[in-house]
Amino acid sequence: MELKSRIYIAGHRGMVGGAIKRKLETMGYQHIITRTSGELDLRDQQNVQSFFAEERPEYVFLAAAKVGGIHANNTYRAEFLYDNLMIASNIIHAAWQQQAKKLMFLGSSCIYPKLAPQPLREDYLLTGPLEATNEPYAIAKIAGIKLCEAYRDQYGCNFISVMPTNLYGIGDNYHPENSHVLPALIRRFHEAKQNNTPVVTVWGTGKPKREFLYSDDLADACVFLMLNYDGRELVNIGSGEDLSIRELAEIVKEVVCYEGDIEFDTSKPDGTPRKLMDVSKIHSLGWKHSVDLKRGIALAYGDFLKGQYHSMNAMHH
Ligand SMILES: NC(=O)C1=CN([C@@H]2O[C@H](COP(=O)(O)OP(=O)(O)OC[C@H]3O[C@@H](n4cnc5c(N)ncnc54)[C@H](OP(=O)(O)O)[C@@H]3O)[C@@H](O)[C@H]2O)C=CC1
Ligand SMILES: C[C@H]1O[C@H](OP(=O)(O)OP(=O)(O)OC[C@H]2O[C@@H](n3cnc4c(=O)[nH]c(N)nc43)[C@H](O)[C@@H]2O)[C@@H](O)[C@@H](O)C1=O
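In this report, the structure presented in the accompanying data block is examined. What you are looking at is a predicted structure, and each value in this text was computed from that prediction instead of being measured.

This next bit is on the site of ligand 1. Near ligand 1 lie 28 residues; those nearest to it are Val16, Ser37, Tyr137, Lys141 and Leu167. Side-chain polar atom of Asp41 to a nitrogen atom of ligand 1: 3.0 Å apart, as the coordinates give it. Between ligand 1 and Leu167, the relevant distance is 2.9 Å, taken from an oxygen atom to a main-chain nitrogen or oxygen of the residue. Contact with the protein chains hides 90% of the accessible area of ligand 1, taken as 890 Å² for the molecule alone. Secondary structure elements with two or more residues in the shell around ligand 1: helix 1 (15-26), helix 5 (135-155) and strand 6 (166-168). Each residue belonging to the shell around ligand 1 can be placed in one class, and the counts come to 13 nonpolar, 11 polar and 4 charged.

Right, dumping it as structure tokens:
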């Protein structure tokens, strides 16, 4: 990938796409191509094909998707399956049609079986049933992985798939119901502090364990792999450490300086009990994360506060 290469970032306004764009700009890449969903709905095959014919991107970061936490996934099941199937199919097919040099598909840790052994190795894919709450999303992500594999097998496309763990950071989605756990708790503890609310409710039992990676670390890994990895197999991207939702809530409480109590609403789903990524493959390729969780949460909270200041109560989604 040269500094003048034509690089398309699908989903550049999102947390991941935005982090990848910042990383590429910092490194001096000059020809970054972007479209908002208003300019180009990636579910529309005809418009995606015209866009690829017009711009002929050489490198594609496929970071656009319908994304959300456990409640959103479990509520908008048709949208999570349809939108993500269409986005992946349209972009991967058009990238082949226009002979893109390389494409990176972003999957997710939720593609692995609900009760697979931990930590999750890349070859555990499709070895058992999926977690029900985000099965639609996971199926769409697995289809994207299989599309990349099939276009490599039949047409020789250099399309790679990476599997990030749970992400958080700059430009995250803080929607009260549809967001992931970490941004949800940052917002909830912050608002509880502002309003002197005595108790903060956390969903589920607090027992599930999750791994978190800061978005700029992920962007660093994505550019690293785009430059250094051309293999057919998946590559997990994570920190290799996890903690319980209860422990996470305690850290957010401390970072936000909330002094009230925490309670657990067990009427809400826990989802997968654990999904710790085995990151030995990406470590052996020469990449490791650098932002630890506590520092990352402080950085994310700072970004949240900036967002609050600039557009009171604006919803990311
Ligand atoms: N957040 C996380 O914890 C994790 C995310 N991932 C993966 O990383 C990728 C990005 O996630 P993240 O950045 O968090 O998500 P965001 O929701 O922050 O961003 C998603 C982006 O996708 C774009 N998009 C969605 N639907 C369409 C559409 N129909 N047409 C065009 N663009 C569309 C949106 O564009 P616009 O803003 O213009 O509407 C949005 O900017 C996804 O593939 C996700 O599966 C993987 C693991 C964990
Ligand atoms: C990245 C991955 O992320 C998603 O899977 P998930 O990790 O289960 O998602 P989550 O972050 O929403 O929940 C993590 C845990 O946290 C608990 N929890 C507590 N309190 C809140 C809370 O307030 N909000 C949310 N969302 N969860 C909460 C919640 O009950 C669960 O036990 C997939 O949908 C899919 O998007 C995917 O690929």
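On we go.
With that out of the way, let us pick up the pairing of strand 5 (residues 159-164). Of all 6 residues in strand 5, 6 are buried, a share of seventy percent or more. Alternating residues of strand 5 divide into Phe159, Ser161 and Met163 and Ile160, Val162 and Pro164, and every residue in both groups is buried. Direction of pairing for strand 4 (residues 102-106) relative to strand 5: parallel, over a ladder of 4 bridges. Looking at strand 5, one finds that Met104 is bridged to Ile160. Of the strand pairs in this sheet, strand 5 and strand 9 (residues 235-237) are connected by 3 bridges, and their pairing is parallel. Its bridge partner lying in strand 9, Val162 is registered against Val235.

A separate point is the environment of Tyr151. Assignment of secondary structure puts Tyr151 in helix 5. Counting along the chain gives 41 residues from Tyr151 to Ala192, while the straight-line C-alpha distance between them is 50 Å. Contacts of Tyr151, omitting those with residues within four sequence positions, involve Ile92, His93, Trp96, Gly156, Cys157 and Phe159.

Each value, and the rule that gives it
Residues numbered from 1 in each chain as written. Chains lettered and ligands numbered in written order. Predicted model: local features only at pLDDT ≥ 70, side-chain atom pairs only at ≥ 80, totals over all residues. Heavy atoms only, no water. Near = heavy atom within 4 Å. Polar contact = N/O pair within 3.5 Å; in protein donor to acceptor, adjacent residues only side chain to side chain. Areas by Shrake-Rupley, 256 points an atom, 1.4 Å probe, with all protein chains shown as cover. Helix = DSSP H or I, 4+ residues; strand = E, 2+ residues; numbered from the N terminus. Nonpolar A, V, L, I, M, F, W, Y, C, P; charged D, E, K, R; others polar. Buried < 20%, exposed > 50% of the residue type's maximum accessible area, 1.4 Å probe, protein only. Pairing = 2+ DSSP bridges. Contact = heavy atoms within 4.5 Å.

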